[in-house]
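Below are the chains, spelled out letter by letter.
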Amino acid sequence: MKKVYTSPHRDYRRHAAREDEISFRIMEAESDLWITVVRAADSPALRALAASVLRETRSVIAGWIHGDAEFGHSLTPVTVPESAPDIIRNMADAARLMGVGPMACVAGAVAGAIAKRLAMESPECLVENGGDTMLYSTRERVAALLGNPETGAQLGLVLRPEDFPLSLCASSAFIGHSLSLGKGDLAVARAKDPCLADAAATAYCNMLKKPADVRKAAARAERESQAPEAIDGIFVQCGDAMALWGAMELTPLA
């Protein structure tokens, strides 16, 4: 049986910041975020702002679940009223598009809310929430694709300055605590909307039962690209098979 990696020690975070950037961690209950901003913008006030937005965002989601338990437990799309908070409607809409439950979007939604606010203070703002990220940047960057923690990341995704802001969200049957209905090593989805990227990563990883399924996932992404709201690209890995579709420029990592 394949090993499942659930360690809270996220070694990949050590490689996030450049010389003129600084990274810091904020935590609240289950949320564990790694935030990178320009060093000149870093201050106790900015860190307090990040923590405040995290608490507020979690409070809105928890409050909604308290009154709508189905939202918190369903593995399939649910309907919410137009009067629901924006983040709740965004999660429900993205989940409906990808055919998953709304909580499949929660990590991306939280990362997106914090990054959107902090980007007002720092032109470089990267918020990672357990493999689900929202990125604002003016620079070319490379995002590592971690399919196997034992070997480390061997491939990276090239991101150009004109690509930002964007979200990259990951799902795996073997890394982390999140539920996956498949057996995929890694599914990464790219989109402007972090809720959509997170829902898509979950949906495509759920499809990966055997190596041959990577082609099916890529074909599905291509079909769904015709929709008005669609992801920009995916990378999927299952065993010794990989596939990608869309705006996914890979590069080997040293």
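Predicted, not measured: the structure shown is a model, and the values here were computed from it.

Draft legend 1. Representation of the environment of Ile22 within the structure. Along the chain, Ile22 turns up in strand E1 (residues 21-28). A sequence separation of 15 residues divides Ile22 from Val37, and the C-alpha atoms of the two residues are 5.7 Å apart.

Draft legend 2. Broad picture of helix H1 (residues 44-67). With 24 residues, H1 should cover 34 Å at 1.5 Å per step; its first-to-last C-alpha distance of 35 Å lies within 8% of that length. Among all positions in H1, only Leu46, Ala50, Val53, Leu54, Thr57, Ile61 and Trp64 are buried. Next to the buried residues of H1 lie E1, strand E2 (31-38), helix H2 (69-73), helix H3 (86-98) and helix H4 (106-118).

Draft legend 3. Summary view of the state of the cysteines. Enumeration according to the criterion identifies zero disulfides in this entry. For the unlinked cysteine Cys205, the closest cysteine sulfur is that of Cys238, found at 8.2 Å.

Draft legend 4. Summary view of H3. End to end, H3 covers 18 Å across 13 residues, agreeing with the expected 18 Å (1.5 Å per residue, within 8%). Turning to H3, its buried residues number three or more, namely Ile87, Ile88, Met91, Ala92, Ala94, Ala95 and Met98. Viewed along the axis of H3, the buried residues span an arc of 165 degrees, placing them on a single side of the element. In this structure, the buried side of H3 is in contact with H1, H2, H4, helix H5 (194-207) and helix H6 (213-224). Of the residues flanking the end of H3, it is Gly99, one or two places downstream, whose phi is positive at about 75 degrees.

What counts and what doesn't
- Once a new chain begins, its residue numbering starts again from 1 and follows that chain's sequence as written.
- Note on the predicted model: pLDDT of at least 70 is required for a residue's local features to be given, and 80 or more for side-chain atom pairs to be given and counted; whole-chain, interface and lining totals, by contrast, use all residues.
- Here the side-chain values reflect all heavy atoms present in the structure, with hydrogen atoms and water set aside.
- Working definition: helices are DSSP H or I runs of at least four residues, strands are E runs of at least two. Numbering for both runs from the N terminus.
- Expected span of a helix: the number of residues minus one, times 1.5 Å.
- Relative accessibility under 20% of the residue-type maximum defines a buried residue, over 50% an exposed one, and the middle range a partly exposed one, all with a 1.4 Å probe and only protein chains included.
- Here, two residues are considered to be in contact whenever any of their heavy atoms come within 4.5 Å of each other.
- Throughout, disulfides are identified as pairs of cysteine sulfur atoms within 2.5 Å of each other.
- Summarising the geometry, the arc corresponds to the directions from the helix axis toward the C-beta atoms.

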